[in-house]
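Fold and contact review
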Amino acid sequence: MSNAQASDAGVISADGVPLKVSLARALRRQKIRALMLIAPLLIFVVISFIAPIADMLFRSVENSIVPDTLPKTVVALQEWDPASNEAPGEAIYAAMHADLVIAAEQKIHTRVGQRLNYEAPGVSSLFRKTGRRVDRMEPGNYKEQFLAIDKDWGNVEIWRTIHRFSGNYTSGYFLSAADAELTPDGIELVPENERIYLTLFVRTLVLSFTITLTCALLGYPIAFLLSNLPMRTSNMLLILVLLPFWTSLLVRTSSWIVLLQQQGVINDLLVSIGILDDQNRLELMYNQIGTIIAMTHILLPFMILPLYSVMKTISPSYVRAAKSLGANDWTAFWKIYFPNSIPGIGAGAILVFILSIGYYITPELVGGTSGIFISNRIAYHISSSLNWGLAAALGVILLALILVFYWLYDKIVGIDNVSLG
Amino acid sequence: MDKDDYIVRFENVQKSYDGETLVVKNFNIDIERGEFLTMLGPSGSGKTTCLMMLAGFEPATNGEIYLNGSPINNVPPHKRGIGMVFQNYALFPHMSVAENLAFPLKVRGMSKSDSEAKVKRALGMVRLDEFGGRRPGQLSGGQQQRVAVARALVFEPDLVLMDEPLGALDKNLREEMQFEIKHIHESLGVSVVYVTHDQSEALTMSNRIAVFNDGVVQQLAAPEVLYEKPENAFVAQFIGENNKLTGKVTAIDGDIAQVTLDGGGDKVAALAVKCGGVGEKSQLSIRPERVILGDEDVPNKMSGKVVELIYLGDHIRCRMEVGDSSEFIVKVANSHAHAALKVGEVTPIGWVTEDCRALDVL
């Protein structure tokens, strides 16, 4: 009874303050100190990592360049029915003229052209051309003058594109990233021969899965050996496992080029010992095989290390117990040792899979065209085509995919079953 | 006796890990059917190595081990059919208690219904009927211990090895488990080879104890023999509490040796057990509870100065200076009969000749 009353009112400490309050007060100093300790890193991470990423991801939907550069046109276009199959009226051309005069003065008309060019090829040159002559137009009869500059201004498709992308936000980048486009009839996939991103996403996933599998197959015996050897020997071998980390990634990948190319070490060796005919040299790189071989090698330590640390914790007495109970070597391994090493496989697999799904440099160098990943395409849009919106959309999809796989992994394997030792 | 009458026989077994030193030097033992034999010794004395050789996890460097009359040096562990309880239990963490118990039956290809019945019986034997569905991690240390014992017994081996199975338990639980294991042994009639460094555990449970030191069995005997009649100074020191006095043998008459103690030069008579000849050094061993306080009529009389008194409830430990030893312990029963002792007091002590054994010098 008294206990119940105490819990209703809350326990009171000696000075009459509720216990929870005085506990919070007592812990506050500690919390502030802890926060101050992490503050430099927290600020660093927020400013240099989280904020740029958030900004980059935001670009995948951001479309303010169209309404900002063509404000009057965007307002005027609301009157126009894109399903009408007729070019808009004079008022809209007038608005476009007013917008373009200002934009051409500020020299930003090419940017909006470039933006719209992603959606309808040809818009970029149309805007550049028009921008050069727009200040020489006579007042009135703008439609005629626009059509005189380029008859594309009478093309309903061009106006439909401007109309479609006149909002502040757009789903256009995401649709392109999923090989789809917005047509008057709704969202449709682009023709099959133009689909590149879906193929790349599927390939990225399949290859990452294959690499994870080969890493597990190759890494498990090594980790097993390492964890069962005497300390001195295993430490030395562990250095060999870590050695690749001390070598530049580029050097490691390039050495695979030396080994795998058609006139490379492996092919030469196979030809010289007569296994291969000189005409039938193996194509080991600039394709998916090259990507798998090189990336398996590069990511192998990420599989071995968690496996090793988990195997280290498996007491040898488990296997001994199993044998004393009548299990032969294989049964003792398969029924007792292996199940206890699964958390290590789990940790290694998730590390390797997530690393490889976003890998860039190795597929770029040895992947050729058939062995590249989605990240190579993202890099292309960031640095070559400068279509950052599409790159951001691809990045968001990739991030979402990883999260989905993480969730699936948690459902199937259980994240509690992952251990780094 | 023929060697077939023994369940286990070690014949001139030697073991070396590095090829330079012998961990086990010429080990010979015959373990009888149904016996509870304990290998007792300090760590590094070779007792666990002997157990591992018997289980098959370590090959014998030299010599032969027989199980049920046939040599087993080349038989892999899983074919020896020996149950084993490990130091840290080695219960499989990813299996439930029942699955752990069913494991030895499953690998033997036993049908599910038979195996279930046996598991149920084994769980009942260690009084854990309700715990079959739990994981080992959800059990207390004592319960895990009982599961480990049940698992080693569930496939009905004739021989069970236990490697310091109670080492991780606290004192009360350890004593409880000692009796439990003892009772299981008696009711099932299996042979048990038990390794421990805890002498009270060995004394409580065993039929016979092999005291190991430095790779050699110092004495193999029943607990009471080991305690009352140690054959050398190591056993006297290792088993129970012991007072040692050193001196020189001056005469041997039958099985009685006359020894002149170092320090005071007192002459005492002792059983000549392992003291060498006249003129050699010897270590006398007297159990603290066999020392008689006061001026009684005993053959050996000396005097001791009380240095320290420790009150232990049922008895009082009295540390004395006797001869050249200042670590001479006398256990005084806490009764009205004994005289009140005071620190600094010199008091007469004595013992009967049979309680004092003249042994080798360590």
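Our subject is the structure listed above.
These lines cover the structure that appears in this document, whether it is placed above or below. Numbers given for residues are sequential positions, taken from 1 along each chain in its written order. Chains and ligands are labelled sequentially in the order written, the chains with letters from A and the ligands with numbers from 1. Totals for whole chains, interfaces and linings use every residue, but because this is a predicted model, local features are given only for residues with pLDDT of at least 70 and side-chain atom pairs only at 80 or more, for both listing and counting. As a rule here, side-chain values come from all non-hydrogen atoms in the structure, and water together with hydrogens is ignored.

1. As for the overall build of chain B
Scanning chain B from terminus to terminus reveals eight helices and 20 strands. When its C-alpha atoms are laid out on the principal axes, chain B stretches across 75 × 45 × 35 Å. Only heavy atoms enter the contact rule, under which two residues are in contact if any of them lie within 4.5 Å. Within chain B, contacts between residues separated by at least 24 positions form 67% of all contacts whose residues are at least 6 apart in sequence. Looking at chain B, you have 38 positive and 50 negative side-chain charges, and the mean spots of the two groups are 5 Å apart. Note on conventions: DSSP H or I runs of at least 4 residues are helices, E runs of at least 2 residues are strands, and numbering of each starts at the N terminus. When charges are counted, Lys and Arg contribute as positive and Asp and Glu as negative, whereas His and the chain ends are disregarded. To locate a charge, take atom NZ for lysine, CZ for arginine, CG for aspartate or CD for glutamate.

2. A few points about the environment of B:Pro77
Along the chain, the position of B:Pro77 falls in the loop between strand 5 (70-71) and strand 6 (83-85). Spatially, the C-alpha atom of B:Pro77 lies 4.7 Å from that of B:Gly56, the residues being 21 residues apart in sequence.

3. Considerations on the packing of aromatic side chains
Centres within 6.5 Å make a pair out of two Phe, Tyr or Trp rings, where for Trp the six-membered ring is used; the pair is then stacked when the planes are under 30 degrees apart, edge-to-face when over 60, and tilted otherwise. For the structure shown, the criterion picks out 24 aromatic pairs over all chains. With 5.3 Å between their ring centres and 50° between their planes, A:Phe353 and A:Phe405 make a pair best called tilted. Of this pair, A:Phe353 sits in helix 17 (residues 329-357) while A:Phe405 is found in helix 20 (residues 388-412), placing the two residues 52 residues apart along the sequence. Burial classification: accessible surface area is computed with a 1.4 Å probe over protein chains only, and a residue below 20% of its type maximum counts as buried, one above 50% as exposed, and the rest as partly exposed. On the basis of relative accessibility, which here comes to 11%, the residue A:Phe353 falls in the buried class. A:Phe405 gets classed as partly exposed once you look at its relative accessible area, which sits at 30%. Look at B:Phe36 and B:Tyr194: their rings are 5.5 Å apart centre to centre, the planes differ by 35°, and that puts the pair in the tilted class. Highlighted residues: B:Phe36 in strand 3 (residues 36-40) and B:Tyr194 in strand 8 (residues 191-196), separated in sequence by 158 residues. Overall, B:Phe36 belongs to the buried group, its relative accessible area being 0%. Judged by its relative accessible area of 0%, B:Tyr194 falls in the buried class. Linked through ring pairs, A:Tyr220, A:Phe224, A:Trp330, A:Phe333, A:Trp334, A:Tyr337 and A:Phe338 together constitute an aromatic cluster. Throughout this description, the term charge over a ring refers to an Arg CZ or Lys NZ atom that lies within 6 Å of the ring centre and within 35 degrees of the ring normal. We note B:Arg151 situated over the ring of B:Phe92; from NZ or CZ to the ring centre the distance is 4.5 Å.

4. Quick word on the side chain of B:His315
All names here are of chain B. As for its placement among the helices and strands, His315 is situated in strand 17 (residues 315-322). Accessibility expressed as a relative area gives 17% for His315, which makes it buried. For His315, the contacting residues outside a window of four places in its chain are Ile310, Lys331, Val332, Ala333 and Asn334.

5. Let's talk about the sheet that holds strand 19 (residues 346-351) of chain B
Residue and element names in this part refer to chain B. Only when DSSP finds a minimum of two bridges between them are two strands counted as paired. Spatially, the five strands line up as an open sheet ordered 15-19-16-17-18, and their pairing is antiparallel. Across the chains shown, the open sheet's two edge strands, defined by having one partner strand only, are strand 15 (292-293) and strand 18 (325-333). In this sheet, strand 19 lies alongside strand 16 (residues 300-311) in antiparallel orientation, the contact comprising six bridges. Paired with Met302 across the bridge in strand 19 is Ile349.

6. Focus: the sheet that holds strand 8 of chain B
Residues and elements named next belong to chain B. Overall, mixed pairing links the six strands, which are arranged 6-7-8-3-9-10 in an open sheet. Sheet topology places strand 6 and strand 10 (216-221) at the edges, where each strand pairs with a single neighbour. For this sheet, the mean angle separating the axes of adjacent strands, direction not counted, is 15°. Relative to strand 8, strand 3 is paired through five bridges, and the arrangement is parallel. Within strand 8, the position partnered with Leu40 by the bridge is Thr196. For every element, the axis is a line fit to its C-alpha atoms; helices are fit only across the contacting stretch, and the angle between N-to-C directions ranges from 0 to 180 degrees.

7. Quick word on the environment of A:Arg377
Residues and elements named next belong to chain A. Among the structural elements, Arg377 can be located in helix 19 (residues 374-383). The class of Arg377 is partly exposed, set by a relative accessible area of 25%. The sequence separation of Arg377 and Leu390 amounts to 13 residues, and the corresponding C-alpha distance is 9.9 Å.

8. Section: the pairing of strand 10 of chain B
On any regular strand, side chains alternate: one points to one face of the sheet, the next to the other face. All names here are of chain B. In this sheet, strand 10 lies alongside strand 9 (residues 208-213) in antiparallel orientation, the contact comprising five bridges. Residue pairing in the sheet places Ile209 in a bridge with Ala221 of strand 10. Turn length for the strand 9-strand 10 hairpin, with the two strands adjacent in sequence and antiparallel, is two residues, and the turn residue Asp214 shows positive phi of about 55°.

9. Remarks on the interface of chain A and chain B
Counting residues at the interface gives 17 residues for chain A and 22 residues for chain B. Using a 1.4 Å probe, buried area is obtained as the accessible area two parts lose upon being combined, added over both of them. Buried area between chain A and chain B, summed over both chains or domains, comes out near 1,700 Å², and the portion from carbon and sulfur atoms is 68%. A pair is scored as a salt bridge if a Lys or Arg side-chain nitrogen falls within 4 Å of a carboxyl oxygen belonging to Asp or Glu. In this assembly, chain A and chain B are joined by one salt bridge. Here B:Glu58 makes a salt bridge to A:Arg320, at a shortest N to O gap of 3.8 Å. Under this definition, polar contacts are N or O atom pairs within 3.5 Å; protein pairs additionally need one hydrogen-donor-capable and one acceptor-capable atom, and for neighbouring residues in sequence, both atoms have to be side-chain atoms. Remark: the boundary between chain A and chain B carries four residue pairs in polar contact (both at pLDDT 80 or more). Every element with two or more residues in the side of chain A that touches chain B is listed here: helix 16 (316-324) and helix 17 of chain A. Top contributing element to the side of chain A that touches chain B by residue count: helix 16 of chain A, with seven residues. Of the residues in the side of chain A that touches chain B, the class split is seven nonpolar, seven polar and three charged. Amino acids outside the nonpolar list (Ala, Val, Leu, Ile, Met, Phe, Trp, Tyr, Cys, Pro) and the charged list (Asp, Glu, Lys, Arg) are all regarded as polar, and Gly is one of them.

That is the geometry; function is a separate question.
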